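Survey of secondary and tertiary structure
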Amino acid sequence: MTDTQKREIVCSGIRPTGNLHLGNYFGALRNFVRMQEEHDCYFFIADYHSLTTHPTPGSIYGDASKIMAAYLAAGLDPDKATIYLQSDLPETIELYLFFNMNAYLGELERVTSFKDKVRQNPNNVNAGLLTYPTLMAADILIHKATRVPVGKDQEQHLEMTRTFAGRFNNMYHAEVFPLPQAIGSATGLVKIPALNGAGKMGKSEGEASTIFLTDEPSVVRKKIMKAKSDSGPTQMNQQKPEEIENLFQLLRVVSTEETVEYFDDLYNRCQIRYGDLKKQLAEDMVAFVEPIRQRIIEYQADDARLRRVMDQGKEKAHESARRTLDEVRHVIGYRN
Ligand code: TRP
């Protein structure tokens, strides 16, 4: 840690509603791994939040352990960071209740993610969905976290977290909570584009456009060879259209600088063959993803080990949560 960097409390979570992909890796996991070296980190799996949109998940533990395996495969270390399941920390729910007591219907209804989900699924506008931001605030503030590594789409939720924290402090005349900040691009968060030439990699752009950390080499190769390109540049040094820029962006994250320069130069001289670029990209992508995939498989096969990690995380998270909750109960006026 350098002198200018202060040790912070960091907290973030991922919902176990799908397999993790390259976008999650570069947008979240890789940053988590870096931050565990320098800060007090709490990384959890948001398996309560899942129910807001996926009320009957079947085996939520199974889904959560897949994410846990990916956390470990990416390099999170249970001795450095606190890694746990949200549902192993019911203290969060007590704090959630207190925040719900002074979260207003109007402000919750105005949240963009809420409005989007109402539009997508008008038959399941449940109270959990409405109070998604108060649960998220509880996740973060139960550890008094000051920094929250999340993407842009979570900034509004973070703003609400600050609102609830400040409101609580004012209401009970006590400086219980910090006002946490999102940390995104400042920490080198890299955007990963979808393979279909539009938008970012993720659930919304579909399976074929997304490289999952659990994709086998043959699948990775096939997806990349089918990625959208165009008929090629017609003028020297012309600007790259989005789908081509996206291929270069992927190259930049998994290939060497020389490789990127090599294809960039061919592009600028109108001599590029996208088939060659894609073949190289596919090989470099496989070399990148395959070791992670192998480690995910190993961790997934060792449920006893995953459970030990979860138990260790649960205990550490509980300690921190208990401290906060005792203080919260005290300032409201409950018996401790
Ligand atoms: N809402 C986050 C997402 O969908 C997941 C999440 C839940 C979270 N609780 C959190 C992220 C607390 C950071 C901190 O990505």
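Conventions used here
Residues numbered from 1 in each chain as written. Predicted model: local features only at pLDDT ≥ 70, side-chain atom pairs only at ≥ 80, totals over all residues. Heavy atoms only, no water. Helix = DSSP H or I, 4+ residues; strand = E, 2+ residues; numbered from the N terminus. Rg over C-alpha atoms; globule rule 2.2 N^0.38 Å. Buried < 20%, exposed > 50% of the residue type's maximum accessible area, 1.4 Å probe, protein only. Contact = heavy atoms within 4.5 Å. Areas by Shrake-Rupley, 256 points an atom, 1.4 Å probe, with all protein chains shown as cover. Lys, Arg positive; Asp, Glu negative; His and termini not counted. Charge placed at Lys NZ, Arg CZ, Asp CG, Glu CD. Expected span 1.5 Å × (residues − 1). Bend = angle between axes of the 7 residues up to and from the residue. Near = heavy atom within 4 Å. Polar contact = N/O pair within 3.5 Å; in protein donor to acceptor, adjacent residues only side chain to side chain. Phe/Tyr/Trp six-rings, centres within 6.5 Å; stacked < 30°, edge-to-face > 60°. Lys NZ or Arg CZ within 6 Å of the ring centre and 35° of its normal. Salt bridge = Lys/Arg side-chain N within 4 Å of Asp/Glu carboxyl O. Domains from an automatic or database assignment. Buried area = accessible area lost by both parts, 1.4 Å probe. Pairing = 2+ DSSP bridges. Axes fitted to C-alpha atoms, helices over the stretch in contact; angles between N-to-C directions. Parallel < 35°, antiparallel > 145°, perpendicular 65-115°, else oblique.

Another point: the overall build of the protein chain. A tally of regular secondary structure across the protein chain gives 13 helices and 5 strands. For 336 residues, the compact-globule estimate of 2.2 N^0.38 gives 20 Å, and the protein chain sits close to it at 22 Å. Dimensions of the protein chain, computed from the C-alpha atoms along their principal axes, are close to 75 × 50 × 45 Å. Taking all 336 residues of the protein chain together, the buried fraction comes to 49%. In the protein chain, the share of contacts with a sequence separation of at least 24, taken over all contacts with a separation of at least 6, comes to 76%. A total accessible area of about 16400 Å² is found for the protein chain, and carbon and sulfur atoms account for 49% of it. The centroid of the 41 positive side-chain charges in the protein chain is displaced by 3 Å from the centroid of its 45 negative side-chain charges.

Turning our eyes to something else, we now look at helix H1 (residues 22-35). Residues spaced three or four apart along an α-helix point in a common direction, a consequence of the helix completing one turn every 3.6 residues. Taking 1.5 Å of rise per residue, 14 residues should cover 20 Å, and H1 covers 19 Å from first to last C-alpha, within 8% of that figure. Taking the largest bend as the criterion, H1 deviates by roughly 35 degrees, centred on Ala28. Within H1, burial applies to Leu22, Gly23, Asn24, Tyr25, Phe26, Gly27, Ala28, Leu29, Asn31, Phe32, Val33 and Met35.

What follows concerns the site of the ligand. Neighbouring the ligand are 13 residues, the closest being His49, Tyr132, Met136, Asp139 and Gln154. Contacts to the ligand include Asp139, whose side-chain N or O atom sits 2.7 Å from a nitrogen atom. Counting only elements with at least two residues in the shell around the ligand, the list comes to strand E1 (9-14) and helix H7 (132-141). Among the elements that take part in the shell around the ligand, H7 stands out by supplying 4 residues, more than any other.

Applying the stated criterion to the full structure yields 14 aromatic pairs. Clustering of aromatic rings is evident, with ring pairs tying together Phe99, Phe164, Phe168, Tyr172 and Phe177. Its guanidinium or amino end placed over the ring of Tyr267, Lys240 lies 5.2 Å from that ring's centre, counting from NZ or CZ.

Let's shift gears to the pattern of salt bridges. This model, assessed by the stated rule, comprises 19 salt bridges. For the salt bridge of Glu8 with Lys6, the shortest nitrogen-to-oxygen distance reads 4.0 Å. The partner of Asp265 in a salt bridge is Arg269, and the shortest N-O contact between them spans 3.0 Å. Of the residues examined, Arg269 reaches a relative accessible area of 36% and is grouped as partly exposed.

On domain assignment, one finds that the protein chain holds domain 1 (9-191 + 303-332) and domain 2 (203-297). Contacts between the two partners involve 13 residues from domain 1 and, on the opposite side, 15 residues from domain 2. Buried area between domain 1 and domain 2, summed over both chains or domains, comes out near 1200 Å², and the portion from carbon and sulfur atoms is 71%. Inspection of the region where domain 1 meets domain 2 yields 0 salt bridges. For the pair domain 1 and domain 2, the interface holds 4 residue pairs in polar contact (both at pLDDT 80 or more). The set of elements that each furnish at least two residues to the side of domain 1 that touches domain 2 consists of H1 and helix H2 (60-74). Here the element with the most residues in the side of domain 1 that touches domain 2 is H1; it accounts for 4 residues.

Time to look at the pairing of strand E2 (residues 40-45). Of all 6 residues that make up E2, 5 are buried, and the element is covered over most of its length. Pairing of E1 with E2, which is carried by 6 bridges, proceeds in the parallel orientation. Residue pairing across strands places Ile14 opposite Ile45, the latter belonging to E2. Pairing analysis gives 4 bridges linking E2 to strand E3 (residues 82-85), with the strands arranged parallel. Note on E3: the bridge partner recorded for Phe43 is Ile83.

Let's shift gears to the packing of H7 against helix H8 (residues 155-171). Two elements in contact, H7 and H8, have axes separated by 9 Å at closest approach and are oriented at 70 degrees. Considered as vectors, H7 and H8 are oriented roughly perpendicular to each other. Contacts between H7 and H8 involve Tyr132, Pro133, Thr134, Met136, Ala137, Ile140 and Leu141 on the former and, on the latter, His157, Leu158, Met160, Thr161, Phe164 and Ala165.

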